[in-house]
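As a plain string of letters, each chain reads:
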Amino acid sequence: YKTKYKAAADDLEALNQTEEGGGNSAEFASFKSGTTYTVKALGTADLITFYSYGIYKQVNSFVAKNPSKKSAKGFPVENLTPFDLAWKYHADKSEEFGDKHSQEAYKYRARQRFAMGFIDLDTGEPIIVDLSKNQAQAVHGVIKRVEKRLDRTPFELSKDGQGTSTTVSLTPLFPEDLDDKQTKNFEEAPKEFDMSLFEGLLYEMDDEEQIEKLIEVGFDVSLIGLEAPAKTEEAGEAKESAEDFGF
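Along each chain, the written sequence defines residue order, and numbers are assigned to residues from 1. Local features in a predicted model are, by the rule used here, given only for residues with pLDDT of at least 70; side-chain atom pairs are given and counted only at 80 or more, and totals for whole chains, interfaces and linings are based on all residues. In computing side-chain values, all of the structure's heavy atoms are included and hydrogens and water are not.

Asker: Help me out: how do you make sense of the packing of aromatic side chains in this one?
Answerer: Within a pair of aromatic rings, the relevant descriptors are the distance that separates the centres and the angle that separates the planes. Paired rings are identified among Phe, Tyr and Trp, the last through its six-membered ring, by centres lying within 6.5 Å, and are further divided according to the angle between planes into stacked (under 30 degrees), edge-to-face (over 60) and tilted (the rest). Applying the stated criterion to the full structure yields 10 aromatic pairs. When the ring of Phe-193 is compared with that of Phe-198, the centres are 5.8 Å apart and the planes differ by 45 degrees; the resulting orientation is tilted. Judged by relative accessible area, which is 6%, Phe-193 ranks as buried. By relative accessible area, which is 0% here, Phe-198 ends up buried. Among the aromatic residues, those joined into a ring-pair cluster are Tyr-53, Phe-62, Phe-83, Tyr-89, Tyr-108 and Phe-219. Lying across the ring of Tyr-51, Lys-70 places its NZ or CZ 4.7 Å from the centre. Cation over ring: Arg-111 sits above Tyr-106, and NZ or CZ is 4.2 Å from the ring centre. Here's how the labels work: a residue is buried when its accessible area is under 20% of the maximum for its type, exposed when over 50%, partly exposed in between, all with a 1.4 Å probe on protein chains only. Geometrically, a charge over a ring is one whose NZ (Lys) or CZ (Arg) sits within 6 Å of the ring centre while staying within 35 degrees of the ring normal.

This is the structure:
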């Protein structure tokens, strides 16, 4: 099976060796702070990596339909998206970390995320959780350490803390820690995770819609050499015409 998003197991292995280190109803499992799942990990490669954009309470998370090429540290270097261009505009004007332009640049920057799959032992169904790079490294490290015992090791997957102090942990359990239902689901779990579940998981936004979103949040797209999509201009003209007729 091939997915258009990058398989992430090798990516995490590389990170650990450095300082930096549509047509599916799939969705991420709810994984707020204070959440705990009892799970089975089916392997060490049940994950994908992607670059997510979004502005808190203004623009929902999305991936670029036409993604830019990123450097080893995750910065866009070729084929920049409208959000990348907005990030670069402010980043280039920033003189020190934390200044106004630095804060604005942060809003538009793509962040590397990881989607990781497990079997929820309370339901017997597959779940996919959304993790930051650091969270994914921690979780994947545990799976790698017990790789040879995955067929007999259940886990507790938990998220705790708030903001920058949020942590995700994967703790091995003993088989006897499971109740009867969880034990049955553990024993009957599939041998491999269905990687097709990752397709349709992420909302893809094309350049035109990204420009519209930038305009909506108050960014002057002319500063980065872009214009409002024609349909937006046409809609404005239609509104003006309606107002001329007293509508």
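Asker: Explain unusual backbone geometry here, please?
Answerer: Backbone phi values are negative for most residues with the exception of glycine, while trans is the configuration of most peptide bonds. Although it is not a glycine, Lys-57 sits at a positive phi angle of roughly 65 degrees. Note on placement: Lys-57 falls in the loop between β3 (47-55) and β4 (59-64). Exposure remark for Lys-57: the relative accessible area of 76% places this residue in the exposed category. The backbone of Asn-79 shows a phi angle near 55 degrees, a positive value even though the residue is not glycine. Secondary structure counts use DSSP, requiring at least four H or I residues in a row for a helix and at least two E residues in a row for a strand, with both numbered from the N terminus. Structurally, Asn-79 is set in the loop between β6 (76-78) and α2 (82-93). Here Asn-79 falls in the exposed class, since its relative accessible area comes to 53%.

Asker: I would appreciate a short explanation of the packing of α2 against helix α3 (residues 100-108) in the present structure.
Answerer: For any two helices packed against each other, one specifies the crossing angle of their axes together with the interaxial distance. Two elements in contact, α2 and α3, have axes whose closest approach is 8 Å; the angle formed by their N-to-C orientations is 165 degrees. It follows that α2 is roughly antiparallel to α3 by the angle criterion. The hand of the α2/α3 crossing is left-handed. Residues Phe-83, Ala-86, Trp-87, His-90, Ala-91 and Lys-93 of α2 touch α3, and the partners they reach there are His-101, Glu-104, Ala-105 and Tyr-108. Of the residues contributing to the contact of α2 with α3, the split by class is 6 nonpolar, 2 polar and 2 charged. Axis lines are fitted through C-alpha atoms, for helices just across the contact stretch, and the angle between N-to-C directions can take any value from 0 to 180 degrees. Working definition: roughly parallel below 35 degrees, roughly antiparallel above 145 degrees, roughly perpendicular at 65 to 115 degrees, and oblique for all remaining angles. In this scheme, a crossing is called left-handed if the near helix is turned counterclockwise away from the far one by less than a right angle; it is called right-handed if the turn is clockwise. Any two residues having at least one pair of non-hydrogen atoms within 4.5 Å are treated as being in contact. Polar here means any residue outside two lists: the nonpolar Ala, Val, Leu, Ile, Met, Phe, Trp, Tyr, Cys and Pro, and the charged Asp, Glu, Lys and Arg; Gly therefore counts as polar.

Asker: How do you make sense of the layout of surface pockets when you look at a structure like this?
Answerer: Unoccupied space between atoms shows up once a probe the size of one water molecule is rolled over them. The way it works is a 1 Å grid over only the protein atoms, where trapped points that fit a 1.4 Å probe form a cavity and open points with protein on both sides within 12 Å along at least five of seven lines form a pocket, and then any residue with an atom within 4 Å of a point lines it. Grid points are joined across faces, edges and corners, and a volume is the space filled by probe spheres set on the points. Here the second largest pocket defines a volume of roughly 220 Å³. Every residue lining the second largest pocket is listed: Phe-75, Trp-87, Ala-91, Phe-97, Ser-102, Gln-103, Ala-105, Tyr-106 and Arg-109. At the level of secondary structure, the elements contributing two or more residues to the lining of the second largest pocket comprise α2 and α3. At 4 residues, the largest contribution of residues to the lining of the second largest pocket is made by α3. Considering only residue class, the lining of the second largest pocket consists of 6 nonpolar, 2 polar and 1 charged.

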